[in-house]
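Structural features, examined
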Amino acid sequence: MRRRFAQWCSLLLLIILAASPVIAQTTTATLRGTVQDESGNMFPGAQVTATAVATGYTNSSTVASDGRFSLSGLTPGRYRIDVSAPSYNASTRELTVLVGQTVNVDFRLTPNLVLMEEMTVIGDAIVEMETHQVATNVTTQQIESLPQPDRNFLNFAALAPGVTLSTDPTRKEIRSGGQGSQATNVFIDGVSFKNDLILGGVVGQDSSRGNPFPQNAVQEFRVITQNFTAEFQKSSSAIITAVTKSGTNQVQGNVFAYFQDKSFIEDDPFSAPGAAKPPYERLQYGLSVGGPIVRDRMHFFVSFEANDQDRQERVTLGPLKNTAFGQQFLDREGVFTQPFREDLFFGKLSFQPTSRQVLDLSASYRDETDIRSFGGSNTYEVAENVAQEIWSSVLRHQLTSMNWFNEASLSYSSMDWHPQPLNFDEPRFEYQGIGAFGGRGGRQNAQQKRFSIRDDVTFSGLQLAGNHTLKLGVLAEFLDYTMIKNFRFQPVYRFREQENFAFPWQAALAFGEPDMASDNQAYGLYGQDEWNVNPALTLSLGLRWDYETKMMDTDYVTPDYVRTALSGVAPANFFSDGDDRKSPKDNFAPRLGATYDLLQNGRTILFAGAGRYYDRVLFNELVDVRFKENYRETFFEFSTDGRPGTIPWDPKYLTKEGLQQLQAAGGGRHEVWLFDNNSEVPYSDQWNIGVRQSFGGMVGSLSYGNIRSSNNLQWSFAPFSLNANGTCCNVPASHPGAVLWSNQDEETYYDAIYATLDRPITRSGRFGFNLAYTYADAEIEGDERGSVTFPPPGTTTHARHALSGSETHRIVANGMVRIPWDILFSTIVQYGSGPQIVGTRIVSNIGWPAGERFVHHGEGRSWSSVDLRGEKDFNLGATTLGLVLEAFNAFNSDRYSCYQDFEPMSGNPNLLQPGCIVQGSQRRFQAGIRVGF
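A quick note: this is a predicted structure, and the numbers were derived from the prediction, not measured.

Quick look at unusual backbone geometry now. Phi at Asn-227 takes a positive value of approximately 60 degrees, unusual for a residue other than glycine. Along the chain, Asn-227 turns up in the loop between β16 (218–226) and β17 (239–244). Although it is not a glycine, Cys-898 sits at a positive phi angle of roughly 55 degrees. Note that Cys-898 resides in the loop between β50 (896–897) and β51 (902–903).

What follows covers the pattern of salt bridges. Under the counting rule described, the total for this entry stands at 48 salt bridges. The closest approach of N and O atoms between Arg-80 and Asp-82, which form a salt bridge, is 3.3 Å. Note on Arg-80: relative accessible area 32%, which makes it partly exposed. The buried category is assigned to Asp-82, whose relative accessible area is 19%.

In a beta sheet, neighbouring strands pair by backbone hydrogen bonds and run either parallel or antiparallel. The strand order β11-β16-β17-β14-β15 describes an open sheet built from five strands, whose pairing is mixed. Looking at strand neighbours, the two that pair on one side only are β11 (134–138) and β15 (191–192), the edges of this open sheet. Of the pairings in the sheet, the one linking strand β14 (residues 185–188) to β17 comprises four bridges and is parallel in character. Following the sheet pairing, Ile-188 is matched in β17 by Ala-242.

Counting 48 residues, the largest nonpolar core has Phe-153, Phe-156, Phe-213, Phe-221, Ile-240 and Met-483 as the members making the most contacts within it. Once residues within four sequence positions are removed from consideration, Phe-213 is found in contact with Phe-153, Ile-188, Phe-193, Val-218, Thr-244, Leu-344, Phe-346 and Ser-364. In terms of nonpolar packing, the next biggest core, distinct from the first, is built from 25 residues, Ala-50, Leu-74, Tyr-79 and Phe-107 among them.

Spatially, six strands are ordered β26-β25-β29-β30-β35-β36 in an open sheet, and the strand pairing comes out mixed. This sheet does not close on itself; its edge strands, each paired only once, are β26 (435–438) and β36 (647–648). Where strand β35 (residues 631–639) lies against β36, two bridges are found, and the strand directions are parallel. Across the sheet, Phe-638 pairs through a bridge with Ile-647, a residue of β36. Here helix α4 (residues 619–630) sits on the sheet and contacts β30 (506–512) and β35; the angle it forms with β35, its principal contact strand, is near 50 degrees.

Cysteine pairs can be linked by a disulfide, which is a covalent bond between their two sulfur atoms. Counted by the stated rule, this structure contains one disulfide. What pairs with Cys-898 in a disulfide is Cys-916, and their sulfur atoms sit 1.9 Å apart. Between Cys-898 and Cys-916 the sulfur-sulfur dihedral comes to about 75 degrees; the bridge is accordingly right-handed. One end of the pair, Cys-898, is in the loop between β50 and β51; the other, Cys-916, is in strand β52 (residues 916–917), with 18 residues separating them in the sequence.

Moving on, we get to the packing of aromatic side chains. What the rule picks out here adds up to 45 aromatic pairs. Their ring planes at 40 degrees and their centres at 5.0 Å tell us that Phe-304 and Phe-345 sit as a pair that is tilted. Residue Phe-304 is found in strand β20 (residues 298–315), and its partner Phe-345 is found in strand β21 (residues 334–351); the two are separated by 41 residues along the sequence. Measuring from centroid to centroid gives 6.3 Å for Phe-478 and Tyr-523, while their planes differ by 90 degrees, and the two rings are edge-to-face. Pair noted here: Phe-478 is in strand β28 (residues 467–486) and Tyr-523 is in strand β31 (residues 515–532), with a separation of 45 residues, a long-range link. Residue classification places Phe-478 among the partly exposed positions, given a relative accessible area of 30%.

Inspection of the secondary structure puts Lys-245 in the loop between β17 and β18 (252–261). Of the residues examined, Lys-245 reaches a relative accessible area of 15% and is grouped as buried. Within the structure, the side chain of Lys-245 is placed 3.3 Å from the backbone oxygen of Asn-216, a separation counted as a polar contact. Those residues in contact with Lys-245 that sit more than four places away from it in its chain are Glu-144, Asn-216, Ala-217, Val-218, Gln-219, Phe-301, Phe-346 and Lys-348.

About the cut-offs
Residues numbered from 1 in each chain as written. Predicted model: local features only at pLDDT ≥ 70, side-chain atom pairs only at ≥ 80, totals over all residues. Heavy atoms only, no water. Helix = DSSP H or I, 4+ residues; strand = E, 2+ residues; numbered from the N terminus. Salt bridge = Lys/Arg side-chain N within 4 Å of Asp/Glu carboxyl O. Buried < 20%, exposed > 50% of the residue type's maximum accessible area, 1.4 Å probe, protein only. Pairing = 2+ DSSP bridges. Core = buried A, V, L, I, M, F, W, Y, C linked by side-chain atoms within 4.5 Å. Contact = heavy atoms within 4.5 Å. Axes fitted to C-alpha atoms, helices over the stretch in contact; angles between N-to-C directions. Disulfide = S-S within 2.5 Å. Phe/Tyr/Trp six-rings, centres within 6.5 Å; stacked < 30°, edge-to-face > 60°. Polar contact = N/O pair within 3.5 Å; in protein donor to acceptor, adjacent residues only side chain to side chain.

What follows is the structure, encoded as structure tokens:
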């Protein structure tokens, strides 16, 4: 059955690729409208042509019999619009269109002039008014000219309402809609950068200081906070769709470098009085160049960015270092460098063989190393290199006709994330009260390979009770996953003063097969109808269907010994014979949107939308079911006399071979993980309603958004593995070990009010600004997705409560202006009311469920930040020299973190008090130089 289904999808894909003529709004924009004569009559036969100013690529349409035209598949950028007709003078107007925009514009022809009507234009930018989405466009000017601390283009997603950035510098993630980062998806040139394996949402962003893509290669992007249309997949919160730069008819490029060191950074208020600043240096540098190969026909663009950081971490051993035994390790103390290196590459060829076709071929590469995980009592010996390499490439073909547009693409991407110990072959020695020495003991490797075939087609000008623009699309992905979790491959020995450090009191060693590999196929179909019912009302009707063959690890077979031991206590739906887990085929996602032009002048737009949005279960969320069976971690406890529960110490156990002999003799117990065969795909239901108004060269909006996410996966200890008071772990002799099983009880509840005010920032304008305010009430029932919960679901700890880290109020404003001496000044101003603090309070001493429960203590302290940037360009003839100075958190407002959230029965006088600031949030300066040619 599955094979026939896959064959059917593949056949349908080939048919569409061969025959279907639509717009893929993931990468393009659309300009549509009407042409009338001087008397207001429709003017069929007139010619509308859009010519890209930079490349000379053209896109034209003949006005249909009803007076309508549509220019689909416009690569975002600046265009010259020409409208011409016999006996009428042609006229030209230059405009800038942005990615994802669908803009309506009406033309009126007179014998001497072409007039543009019923359209909001500010500077040279068309403002999209008639959309039901809560969406924010981030332009080229903003990316290049707003203050940016680390050249991660995703940081600018925070300019959109409802979007927040991670405060962990080693996890550069984005969140939205009260959900985790894994619920987002990012598209670059139409290619999904979704991480199917591990956290982060975007490939490469789990446990990384690095950036996903060279910022100097990103032309612009669009953040859709809520209610994106059916062409987007694998996200239940927010979508980011970016387009890359292309070469132009002129050879253009730039070289840049930005520098920061410890003298540019304010002291940490929590550092010891008089303590020296830890050494730190960062150099970001790169170049980009593009130009013509054949003028007006073929162009190239290449870019490179590097991010070199050196920070230092101090190793300070524990108090027992001063004992006679501990003094032998004193030479391991000191300050050691943590080097981080990242290189990003991008290249693109663009070709327009005819006026109706465009062909793009692009590729990117990311290489990253990060030496870390040492410091404090962990010596440099136990450091690891968190390294990764990421490739992506896409071949895209666009074909335009009078009333349809087709975009077909082939893409391939791979991610190889592999933290590696510096001393993998060495055992790890942990001396309680002194420190950790030797190797790290284990390593990991997550690999994801994706080959995608996609086709999107748009038909315009269809007439049935109004005008329709119909979009259809099909997607097929072929994926390979590998997850290697080689934990404690080398022995870990733990010593303590109780035995005078003479021998380890405990040792750990794992054995088995750590390589968890699987393949997967994903298919998607969608249809989207933009229905202009009348001049005032537009409906957006969409339906998407997605299917994955092995998201739920469908061919897993429960080992016989697990089934025998647990069949009397665990329900049957937790055991699988290889055919019990099904791949859900009912993931139909309807989406509805509407806009209404209240005064029919294009300036006051009412909008609303609703829909269902499916995400996916991460491979790493399921792999532990197999992993715990195939790769077992065994613990041994030693004593001199072999008292009950311990093993008499023998020096031969200080070798891996000695511990392996113990494993072979006793086997040891291990955790067993059980996955519910009836699990479903995570999803969210969303709806919004709002109004958008243009006035005085600005556009404002006010809307309400509602998001409910469900089916989020959690793991918890099975009740029969807990002691009578709810503590871990009661393991009967007949059981192989403690048992954890899955549930999908977690739900999130997100209610928000979004308010925005925009004056688009354009090249021709002297100033511009954007303001976004979010009021959010975010709550969760259960624990965060992917977490292991200790008390069983249904207890008071899992009752609906505030979502940890969410903020009630958030304001983000940005702007830029030309000031005297031709200095371009820009700023980003942020305010947050403080994170929600959710902690544990002991209310009795009798254990779960009455013993402890999560309670909402309240909000942390509010914070604000003002980032400033000034750039002065000097004209040197064929080149320009730009000098840049940036200040981040210019007024050094503290942003606190590490809040105390535990309250015992005796109380905690420091409850809700912070213990640190957000790392890297203190005032920092950065100097830069840019050379353009």
